[in-house]
Amino acid sequence: MSIITTVVGSYPTQTYEAQSFNDKLTKSLGLYDPYRQAIIDSVKSFVSADIDIICDGQVRGDMVKIFTSKINGCEVIDNTVYIKGKITPPVHPISVNDLKLAYKTANSVNSDYELFAPLDAIFDHEVKGIKGVITGPTTLIHSSMIDNFYSSKENAIYDMAKVLRIEAQELEKAGACAIQLDEPFISTGAEEINVSKKAIEIISEAIDIPVILHVCGDLKDVLSDLLKFNVDILDFEFKGMPQNKGVLSDSWSNECNKNIGIGCLDTKMPSVDDYSQVKETIKEVQSIIERENIIIDPDCGMRMLEEDVARGKLDILKKIKEDGI
């Protein structure tokens, strides 16, 4: 069995004040990036834990405002996102530069990290990759207030999907090994599942690299539909949501052609998980899907955790990969 590890997205972060002369000069010109070092720190933590598919750590803000603060038609007022006009693409890609910095940082520490890394080669442990992480259209719209431009959330979701399609294409051109779409709102039933499916496929059908759909929460009302989405990998939380193992068992069949990302670390728990319990979670899911190649990761992002706890959780992934199942 080949086990590869990944992270869902966010990692503990902090901003950095300009200290050096060059940084202070850059700041005086309005060009200083207070999050650059946080990206570097996050990536080095991922590399230290030998994570096979890393990301930039999503350090610039919460998963909604990272995107809506840049997308035309959206405006953040008092920490609330408002849709005030037609949703159209920003002038520049939102996360491409951070992906490039993540690659540069990781590759400087371990040359196994490559751009354009094929998933098959990652599973064979020949290379490691960097994925792009995008908050999905359903989640972005349902996390926002629509002022007056759109008469329905459905049309806003489709317009948002078209904007995110461009972002995904730019990340693919920049060397991402996969695109992860984060859609926590899908499990809530806030939107018709067919609307979310169409929006995801506006993105997934426009790129040639694997698409990962991350949906957290209780899957009982949506999993049978999610298995029909045109994506390559479905990533779910199982440690903090153990009932999802039963839901998966009821819905899974040998005809399912998707890989399953096994969320096996409880990211809501502010302490390091028990190693044996994590391993048991992986075994239980693996016995359902009966796959030789499996992907393991935290349940969700780890932004709200203390950094030493987040590191400890990543170290469990490393040890399980080394020990096997």
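The text that follows walks through the structure, step by step, so that each part is easy to find. (Residues numbered from 1 in each chain as written. Predicted model: local features only at pLDDT ≥ 70, side-chain atom pairs only at ≥ 80, totals over all residues. Heavy atoms only, no water.)

**Things to note about helix α8 (residues 193–204)**
Thought 1: Relative to the 16 Å expected for 12 residues at 1.5 Å per residue, α8 spans 16 Å between its end C-alpha atoms, a close match to the ideal helical length.
Thought 2: Every buried residue of α8 is accounted for by Ile193, Val195, Ser196, Ala199, Ile200, Glu201, Ile202, Ile203 and Ser204.
Thought 3: Turning to α8, the residues buried within the fold contact α6 (137–142), α7 (153–174), β8 (179–182), β9 (211–214) and α9 (223–226). (Helix = DSSP H or I, 4+ residues; strand = E, 2+ residues; numbered from the N terminus. Expected span 1.5 Å × (residues − 1). Buried < 20%, exposed > 50% of the residue type's maximum accessible area, 1.4 Å probe, protein only. Contact = heavy atoms within 4.5 Å.)

**Examining unusual backbone geometry**
Thought 1: Residues other than glycine seldom take positive phi values, yet glutamine 58 does so here, at roughly 45 degrees.
Thought 2: Along the polypeptide, glutamine 58 turns up in the loop between β2 (53–54) and α3 (65–68).
Thought 3: On the basis of relative accessibility, which here comes to 8%, the residue glutamine 58 falls in the buried class.
Thought 4: Here the phi dihedral of asparagine 79 falls at roughly 70 degrees; this positive angle occurs in a residue that is not glycine.
Thought 5: Within the element layout of this structure, asparagine 79 appears in the loop between β3 (72–77) and β4 (80–88).

**Remarks on empty space enclosed by the protein**
Thought 1: Overall, the coordinates contain 2 cavities of 30 Å³ or more when judged by the stated rule.
Thought 2: Volume-wise, the largest cavity comes out at about 140 Å³.
Thought 3: For the largest cavity, the lining is made up of 15 residues, of which Asp56, Gln58, Ser95, Asp98 and Val133 are closest to its centre.
Thought 4: Here the residues of the lining of the largest cavity sort into 8 nonpolar, 3 polar and 4 charged.
Thought 5: Taken as a whole, the second largest cavity holds about 60 Å³ of empty space.
Thought 6: Surrounding the second largest cavity, Thr6, Ile53, Lys131, Gln180, Ile212, Ile233, Asp235, Gly261, Ile295 and Asp297 form its lining. (1 Å grid on protein atoms, 1.4 Å probe; cavity = no way out; pocket = protein on both sides within 12 Å on 5 of 7 lines; lining within 4 Å. Points joined across faces, edges and corners; volume = space filled by probe spheres on them. Nonpolar A, V, L, I, M, F, W, Y, C, P; charged D, E, K, R; others polar.)

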